[in-house]
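Geometric and topological summary
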Amino acid sequence: MTHSIFLAIGAFWLGACPFSVWIGRKLAGKDIRKYGDGNPGAVNVFRSSGTRLGILAAILDIAKGAPFVTVAHAVCQLPLPAVLAIGLCAILGHAYSPFLNMKGGKALAVTLGVLLALPHHDIVIVMLIITLLGYLLVESHAWAVIFAPPVTLIYLLISRGPSWEALFIVGVLAIWLVKQFADLRAGTRIKVKPVSWFRSWRAAHASRQQE
């Protein structure tokens, strides 16, 4: 119990570290929250400060979800419910960071880090596949990612029945819904992006041939 508590606290505070904001401020001299959607995440580092710093921010935001979860199951060999609770603490830290007056990010990258650190990798594979399909078929980014937890939950219920992993995904879904509620309210529409990309490429190719 003592190990679980200390690891949960550590996971929360590491998750709360707003690396993207710090990178923008220290390395680019910019407040990334003044760009794009105002989110203190890696996407706005890309928008405000370029690809290199954006990649660095994304790596750090993903990586901060992994250390305490890894220690919990690989070193301390804690029970699965404790490991999953520690993972949720990391996600909550990012979503409600004390460093940002409890106004954290959307918690997508840190969730990926937590999932990568969990001992069962089928969960992260399903989440990534559904997210990719969402980005390819749905116009709104918020709606593109919000499908992943429900589909993953269905997969877990079918493959394992009621489980701690399923309860963990319910927690992830709740956090994502709260953090992206405003974007989700705006609605979305189906947009098969590969078709749009092909049409754009074909138009550009035709234009070059005419030149």
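Definitions and limits used
- Residues numbered from 1 in each chain as written.
- Predicted model: local features only at pLDDT ≥ 70, side-chain atom pairs only at ≥ 80, totals over all residues.
- Heavy atoms only, no water.
- Phe/Tyr/Trp six-rings, centres within 6.5 Å; stacked < 30°, edge-to-face > 60°.
- Helix = DSSP H or I, 4+ residues; strand = E, 2+ residues; numbered from the N terminus.
- Buried < 20%, exposed > 50% of the residue type's maximum accessible area, 1.4 Å probe, protein only.
- Lys NZ or Arg CZ within 6 Å of the ring centre and 35° of its normal.
- Arc of directions from axis to C-beta.
- Contact = heavy atoms within 4.5 Å.
- Patch = residues over 30% accessible without salt bridge, like charges linked within 9 Å, V, L, I, M, F, W, Y side chains within 5 Å.
- Areas by Shrake-Rupley, 256 points an atom, 1.4 Å probe, with all protein chains shown as cover.
- Salt bridge = Lys/Arg side-chain N within 4 Å of Asp/Glu carboxyl O.
- Axes fitted to C-alpha atoms, helices over the stretch in contact; angles between N-to-C directions.
- Parallel < 35°, antiparallel > 145°, perpendicular 65-115°, else oblique.
- Left-handed = near helix turned anticlockwise from the far one by under 90°.
- Nonpolar A, V, L, I, M, F, W, Y, C, P; charged D, E, K, R; others polar.

Quick look at the packing of aromatic side chains
For the coordinates displayed, the defined rule picks out five aromatic pairs. Ring centres 5.7 Å apart and planes at 80° place the aromatic pair Trp 13 and Phe 99 in the edge-to-face group. One end of the pair, Trp 13, is in helix 1 (residues 2-16); the other, Phe 99, is in the loop between helix 6 (80-95) and helix 7 (108-117), with 86 residues separating them in the sequence. For Trp 13, a relative accessible area of 42% translates into the label partly exposed. Residue classification places Phe 99 among the partly exposed positions, given a relative accessible area of 42%. Its guanidinium or amino end placed over the ring of Tyr 96, Lys 179 lies 4.8 Å from that ring's centre, counting from NZ or CZ.

Focus on helix 3 (residues 42-49)
Regarding helix 3, the residues found buried are Ala 42, Asn 44, Val 45, Ser 48 and Ser 49. Down the axis, helix 3 shows its buried residues gathered within 150° of arc, on one side only. Looking at the buried positions of helix 3, the neighbouring elements they touch are helix 2 (19-27) and helix 4 (51-63). Just downstream of helix 3 lies Gly 50, where phi reads positive at about 100°.

Here's the deal with the environment of Gly 41
One can find Gly 41 in the loop between helix 2 and helix 3. The class for Gly 41 is buried, based on a relative accessible area of 6%. Along the chain, Gly 41 and Gly 54 lie 13 residues apart, while their C-alpha atoms are 9.3 Å from each other.

Let's talk about a nonpolar patch on the surface
A cluster of nonpolar side chains, Met 1, Ile 5, Ile 9, Trp 13 and Phe 99, forms an exposed patch at the surface whose accessible area comes to about 570 Å². With respect to the helices, strands and loops of the structure, Met 1 is situated in the segment before helix 1. The exposure class assigned to Met 1 is exposed, which follows from its relative accessible area of 76%.

Section: unusual backbone geometry
In this structure, Met 102 takes a positive phi of about 70° despite not being glycine. Checked against the element boundaries, Met 102 lands in the loop between helix 6 and helix 7. A residue is classified by how much of its surface remains accessible, and Met 102, at 44% relative accessible area, is partly exposed. Its identity is not glycine, yet Ala 107 carries a phi of approximately 70°, on the positive side. Assignment of secondary structure puts Ala 107 in the loop between helix 6 and helix 7.

Let's talk about the packing of helix 2 against helix 4
Close contact between helix 2 and helix 4 brings their axes to 9 Å; oriented N to C, the two are set at 150°. For the element pair helix 2 / helix 4, the angle class is roughly antiparallel. Considering how the two elements wind past one another, helix 2 and helix 4 form a crossing that is right-handed. Contact with helix 2, carried on its side by Phe 19, Ser 20, Ile 23 and Leu 27, involves Leu 53, Leu 56, Ala 57, Leu 60 and Asp 61 of helix 4 and no other residues of that element. Each residue belonging to the contact of helix 2 with helix 4 can be placed in one class, and the counts come to seven nonpolar, one polar and one charged.

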